[in-house]
Amino acid sequence: MDNKPSLSQYFGSNEVPPASQFFDEIGTSPTDMIQSVYLGDPDTRPQTTATGIFPQNMTTSFIQNKMPQEMTFTNVVPTVSGSTAIPAASLPDPSTFFDTIGPEPQIGSIKSGVTATSVLSDAMDGLSIKNQPIDKDADRRRDAWIPNEDAKKTLLKAQSSPKGSFFPEREVLTMPGIVLEEELADALQEVAVKYLGVSSAGIHGVVRAEHVSRDEAGLRELLRTGYLRSAINLTATLISAAGQGAGRMHRPTKHTPRSLQLWLTRFAVMCRIKLYEPLMKEAEPFGDFSKPDMFYQFYPDSYENRTGSLVPFSLRLLIAELPMHANKPEEAMDRLYAMLDVIEQMIANLNEGKIEDGTGTISIEDQNESLRLWTARQTRVLHSIVNCAIALKDYRLAGNVLSSLGAGAGAGAGAGAAQRRAVASALCRVALLAGHVRAAARHCDAARDLRHHLCPTPDVREYVDLGLIDIAHGKYQDAYNNFAKAADQEPTNIMVANNLSVCLLYMGRLKEAIAVLQKAIHSDPERGLNESLLINLCTLYELESSKTNEKKLNLLRMLCKHKSDTIPNVLECLKLT
Amino acid sequence: MDTKEIIDHLVALKVMRLTKPALISPKIVTCDFKDLPGNILNNFLKDDATSVVQMETLTAGQFLLLPQSFGNIYLGETFSCYVCVHNETSQPVQSVSIKADLQTSSQRIPLTTQQNQSPIMLDVDETLSDVIHHEVKDLGTHILVCEVTYMSNYNTLSSFRKFFKFEVMKPLDVKTKFYNAESDDVFVEAQVQNITSGPIILEQVSLESSQQFIVKSLNEDNNGLSVFGDVTLLQPQESCQYLYCLTPKENITKDIKLIAAAKNIGKLDIVWRSNLGEKGRLQTSQLQRMTPDYGDIRVTYENLPSKIPVDEPFNFKCKIVNASDRTLDLIIKLRSLQDSSLLWCGISNRKLGPLEPGNVAFVNLTAMPITSGLHNITGVSLVDLFLKRTYDYDDLASVYVY
């Protein structure tokens, strides 16, 4: 799988698939295309470049000049879809996310099939573009969600009203708008200019942010290259164009899968760089996405028989987790369990041979595929619940949920064993967080036994867990030895180097601790210039001497050279005042 | 706990408290690959040095983060800190040494450093550093006093001191309750409450009994497993209740005076751990029970069956101990009270003969239950012939009749 798609994949594709490629919904409703029209409008482009990255007046001119056009369906040029087209071959396996990040899918292993994996997997989740432009089953699976009782009533009304005669009440509408109005400057750039001067700070970031296309492809390019604040600015532009910009909160608006994807992108990036306050405000009108206008059934004219929610699963999860970052983990916990409840209901429906919302019957193949998707999503929610429990320091709950995940991972060797092993290892660390060293040792033993199914000798994870247990016992020399064994196996592992350094400090060897971290950064700046590692290193600098500024500025120079705008708070990280 | 150094001195002193490091993980933001950001954010997560391979969406990380604040410190924990002296000049500094003391409200404790204390030369950019450990045994304000001595440019010894103040707080609240059983056993309930600001694990709670008692912990089942289940984790303000049974040693049970004098129960020894294994240990002072007041005469029943069939006579022993300082002359009376369900069999008004102080008399009694149910054994009384006083014993024990 290609993790880092090159630009050419976005722009250079000759094989232009239908407009429905990325958002297959876009093609079905002309209103959805409007935004891309004026975004791609050659008239606005030069003006934009002339006045800076994303000049303030751009958005305004936009609204003034172009807003009236919103309802006239002219100039429909599918620039968005065209430029976002991803060749089918570059699309990862539908299970990619859960194969690589989440747990292994448990049900209906596609690899056991007779058909070649790629063909089958392409067909999953509506990804097969060549032969089958829209896979309705895959869409249904992916978007499935059960509306609550109130929403169901409204949806029924929307479905049964004669065309054009359904006028929903204000209360049933989701009315979002942008709150964070100001353009965000490149934070790393800003710090660099302040501390290093304009000359050394470099300006490649500005150039990059300015030269991407003002559409989804450009957005992805900004994300991929790490210009996260510019990406947020671009989402604001695109969302404003979709009629949900600044000042639009509490006003009726039309939701499309595309607008929700834009919100997802905006919220995900805001979350990553910890802009929680505006994020909470902007997320507030969405609530828990239970309003009827978040469902396809609300728009029978546009989507006919399509069911499920317009809200991407990842957006739903992100918003459910959100209160956790605002010191309200209890609230996040409630929301996550509410999500889990709906998912379990859908899984129960599937197990009874019905489709997710329980309304119709399902074919065996479809059922397996959906169960695979939804059990993986269920696991993802459970992971969030564990994370939330850890944030609440409720280690009992975290341990219990994790244990159930381990038990559910399936017996036997192979994927199941790997999964159970990973869970046992995580349980070991949850026990350590609680200070339960005996339980930690027990879980570590269990993880070791499971590891025997996978490889005969201890690996990095095992050595590191053992080292962490030593630290809990206050045996820093033993911990150091374990981390050193891990480093023998993976000399370039940044985490291992960092842990070695921490041990050295507790052993009274500050100078060596600093040297280890500096070496780690220089050997792999891309990964080594990690926020937490920088915090550790700057803590050590400050302990060593009162003359730390030059060393910190060196780190800042390295950041400018190797990183872009991905760190939430550069000053905090480098302890610069 | 750093303070800004005013650069007059050739060396700088820095101190950092070494609490346990934290386990950190990346900010977890993921998308389905079909979403607009595709796998870009997922790849950020995977490439992050702080994420755990194949468990990227869990925050139980492996990456250690150094402590970023002084934190709280509790009685019984070990105060550890890193003390570092750095040569801030461009030439060597001679005769550098560190001395650290801990000043509490009552005493000044010299802290032992691990390295030798003889002054050394610090070359340019070199440091003299040490890790200091001290188990905190006092509550309240502590001041860490660090003194650095070095040879100044004028070949005179120069020194400066830095003070770091911190409060030691109480980690646990221990409440005890005592129950003196008829059998002379003492049951001790110990309620251990977590009054720290975070969760703790009670690693060990044990009662070390005094000389007079043998202790049995009642907190494990027959297989030695804790009755509290897998995890004795206490969230802030939560408590856990432990139960112990203390049996007086044989030489004490024989003498009612010694039993009455056995006030010292023992000490509770508690070991707990918190964040990443930070350990604390406390021992309570000697726990003291209120001994029962037996008066002049102590009566107990022995060999009493707990379940008896109706209409069948049963036997038991009445144990009478003279707890007074004089010889007693006693008569035992057995009356079947009006609404009583027990009928006494045998002789009432029996004379027991003179009973010396501390001596024991056993009387075999037989009774017959006439109705089923749970019945008190009533109608036993003793008459002190010298004082002409009658002692009634109506609620010493019950029997279940079926």
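Residues numbered from 1 in each chain as written. Chains lettered and ligands numbered in written order. Predicted model: local features only at pLDDT ≥ 70, side-chain atom pairs only at ≥ 80, totals over all residues. Heavy atoms only, no water.

Remarks on the nonpolar core
Inclusion rule: By nonpolar core is meant a set of buried Ala, Val, Leu, Ile, Met, Phe, Trp, Tyr and Cys residues that side-chain atoms within 4.5 Å join together. Partly exposed describes any residue whose relative accessible area lies between the buried limit of under 20% and the exposed limit of over 50%, with all areas from a 1.4 Å probe on protein chains only and scaled to the type maximum. A contact between two residues is defined here by any heavy atoms of the two lying within 4.5 Å.
Membership of the largest hydrophobic core comes to 174 residues, with the highest contact counts inside it found for A:F267, A:W374, A:L505 and A:L556. Among all residues touching A:F267, those that are not within four sequence positions of it are A:L279, A:E282, A:A283, A:F286, A:L315, A:L318 and A:I319. Among the nonpolar cores identified, the runner-up in size contains 29 residues, and B:L75, B:C81, B:V96 and B:F164 belong to it.

Remarks on the UniProt feature "repeat: TPR" (unreviewed entry) in chain A
Residue and element names in this part refer to chain A. To keep things clear, this is the line we draw: UniProt positions are given in the numbering used here, feature names are shortened, and annotations may be inferred rather than shown by experiment. Elements are defined by DSSP. Helices are runs of H or I of four residues or more, strands are runs of E of two residues or more, and each kind is numbered from the N terminus.
Those places that UniProt annotates as "repeat: TPR" (unreviewed entry) correspond, in this numbering, to residues 460-493 and 494-527. A helix fraction of 79% and a strand fraction of 0% characterise residues 460-493, whose end C-alpha atoms lie 9 Å from each other. Along residues 494-527 one finds 88% helix and 0% strand; the C-alpha atoms at either end are 7 Å apart.

Thoughts on the UniProt feature "domain: Trafficking protein particle complex subunit 13 C-terminal" (unreviewed entry) in chain B
If you check UniProt for "domain: Trafficking protein particle complex subunit 13 C-terminal" (unreviewed entry), the listed places come out as residues 305-401 of chain B in our numbering. Annotated as 0% helix and 58% strand, the span residues 305-401 of chain B places its first and last C-alpha atoms 10 Å apart.

A short note on the pattern of salt bridges
Where side chains of opposite charge bring their charged atoms close, a pairing between them can arise. Heads up, the rule is: Basic side-chain nitrogens of Lys or Arg form a salt bridge, by our definition, when they fall within 4 Å of a carboxyl oxygen of Asp or Glu.
Counted under the stated rule, the structure contains 44 salt bridges over all chains. Between B:D173 and B:K175 there is a salt bridge, with the nearest N and O atoms lying 3.6 Å from each other. A cluster of three or more residues bridged by salt bridges with shared partners is formed by A:D137, A:R140, A:R141, A:E356 and A:D366.

A word on the interface of chain B and chain A
To keep it simple, the criterion reads: Here the quantity called buried area is the total loss of accessible area, with a 1.4 Å probe, experienced by two parts when brought into contact, counted for both. Pairs of N or O atoms are called polar contacts if they sit within 3.5 Å, as long as, within protein, a hydrogen donor faces a hydrogen acceptor (for residues adjacent in sequence, only side-chain-to-side-chain pairs). Lys, Arg, Asp and Glu make up the charged group, whereas Ala, Val, Leu, Ile, Met, Phe, Trp, Tyr, Cys and Pro make up the nonpolar group; the residues left over, Gly among them, are polar.
Every contact between the two is made by 74 residues of chain B and, on the other side, 105 residues of chain A. Note on chain B versus chain A: buried area summed over both sides is about 7800 Å², and carbon and sulfur give 58% of it. Looking only at chain B, the three residues that lose the most surface to chain A are B:K34, B:L36 and B:Q62, adding up to 11% of its buried area. The interface formed by chain B and chain A includes three salt bridges. For the salt bridge of B:D125 with A:K511, the shortest nitrogen-to-oxygen distance reads 3.6 Å. Viewed at the interface, chain A and chain B are joined by 42 residue pairs in polar contact (both at pLDDT 80 or more). In terms of residue count, helix α1 (residues 40-47) of chain B provides more of the side of chain B that touches chain A than any other element does, eight residues in total. The residue makeup of the side of chain B that touches chain A, split by class, is 37 nonpolar, 19 polar and 18 charged.

Concerning the sheet that holds strand β24 (residues 328-334) of chain B
The strands making up a sheet associate through hydrogen bonds between their backbones, and the pairing can be parallel or antiparallel. Residue and element names in this part refer to chain B. Selection rule: Pairs of strands are assigned from DSSP output, requiring at least two bridges between the strands. Axis lines are fitted to C-alpha atoms, over the contacting stretch for helices. Their N-to-C directions set the angle, which ranges from 0 to 180 degrees.
If you trace the four strands from one edge of the open sheet to the other, you get β26-β24-β29-β30, paired in antiparallel fashion. For this open sheet the edge positions go to β26 (350-355) and β30 (389-393), each flanked by a neighbour on one side alone. Strand after strand, the sheet turns through a mean of 25 degrees between neighbouring axes, direction not considered. Here β24 runs beside strand β29 (residues 380-384); their pairing, made up of five bridges, is antiparallel. Within β29, the residue paired with L334 across the bridge is V380.

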